[in-house]
Amino acid sequence: MAGGELVIDVEGLRMSFGKFEALRGLDLQVERGKVHGFLGPNGAGKSTTIRVLLGLLRADSGRVRLLGGDPWRDVVELHRRLAYVPGDVSLWPSMTGGEAIDLLGAMRGGLDETRRSELVDRFELDTSKRGRQYSKGNRQKVAIVAALASDVELLILDEPTSGLDPLMEKVFQEVVGEATARGASVLLSSHIMAEVETLADRLSIVRAGEIVETGTLAELRGHTRTSIRAELETVPPREQLSVLHDIDLDGSRLVATVDSDRIDEAMRALLPYGLASLTVEPPSLESLFLRLYDTDGGSTDGRGTDDPATDGRATGSRR
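In short, a report on the structure.

Quick notes on the rules
- Residues numbered from 1 in each chain as written.
- Predicted model: local features only at pLDDT ≥ 70, side-chain atom pairs only at ≥ 80, totals over all residues.
- Heavy atoms only, no water.
- Core = buried A, V, L, I, M, F, W, Y, C linked by side-chain atoms within 4.5 Å.
- Buried < 20%, exposed > 50% of the residue type's maximum accessible area, 1.4 Å probe, protein only.
- Contact = heavy atoms within 4.5 Å.
- Salt bridge = Lys/Arg side-chain N within 4 Å of Asp/Glu carboxyl O.
- Helix = DSSP H or I, 4+ residues; strand = E, 2+ residues; numbered from the N terminus.
- Pairing = 2+ DSSP bridges.

Turning next to the nonpolar core. In this structure, I101, F123, L155 and L157 are the most contacted members of the largest nonpolar core, which totals 45 residues. Among all residues touching L155, those that are not within four sequence positions of it are A83, A147, L148, A179, S185, V186 and L187.

As enumerated under the stated definition, the model contains 22 salt bridges in all. In this structure, R32 engages E5 in a salt bridge whose closest nitrogen and oxygen atoms are separated by 3.1 Å. Within this pair, whereas R32 is found in the loop between β2 (20–31) and β3 (35–39), its partner E5 is found in the segment before β1 (6–17), the two being separated by 27 residues in sequence. A salt bridge links R262 to E265, with the nearest nitrogen and oxygen atoms 2.8 Å apart.

Turning next to the pairing of β3. By the criterion of burial, β3 is predominantly enclosed, with five of the five residues buried. Residues of β3 alternate between two faces, with V35, G37 and L39 on one and H36 and F38 on the opposite face, all of them buried. The sheet contact formed by β3 and strand β8 (residues 202–207) spans four bridges and is parallel. Paired with L39 across the strands is I205, a residue of β8.

See the structure below:
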């Protein structure tokens, strides 16, 4: 990993709930000023890790440093320097959205009022409604505005766009980019692959409580295969296409994959047969993700949730 300053530094993190081992020596490093994507299906350990970082859970073992402090011992001080947006926000039923934004902002030392107003407009949020009147998407907007209007060093975002429409997802991507331009760091957990591909500088993929891949998207793409679709003028014998994998040859139409570092070899193998058309599609984050999870028993523990300590409150405070 590059030698930038770390805002999150986790080594050997272990956490069990009874006999179930949610985290199995997880390592995670997030550099200052970067967006770090944190991927994995339900049960993989994402939310457990995030709750340890927020000081909601105390790990069984391992080293955890958050903004240079201990998230369990220094929880009050650290929560003034970070903002958390969960995937299912609960608001105070009788409090208006505007009051909730201001209260959450006050817990972090105040809000930038100009930015608050701009964000309310961009997310088309009616701040006069009370918490009980909001849809899921609007509750998410309240938490997002409160987080991004704060001058915090670290944003921890756990499925933050859950319930937002595609237009608002685009606005979210824009304002996260603006936050990092101001120097904020972001840990982004999301099931929306396009969102992570757009925003993340680095990625970590967690499986069964361990990080199984980490790096930039370009680095991770180097570990999987590129798709090739070609219309050929003559049909090649299969033995001449040994550089390709997953070959589907229908007459002169070829669909195959190739290791990303052997694309040049694949082009040389195909050129003698005449290329009427050619499409080369680099591996997507989704294809990488599916490859890592394309074995039995790697994704969930059967509960359908990430851990038994679910807490969707916007404040992220300890019980």
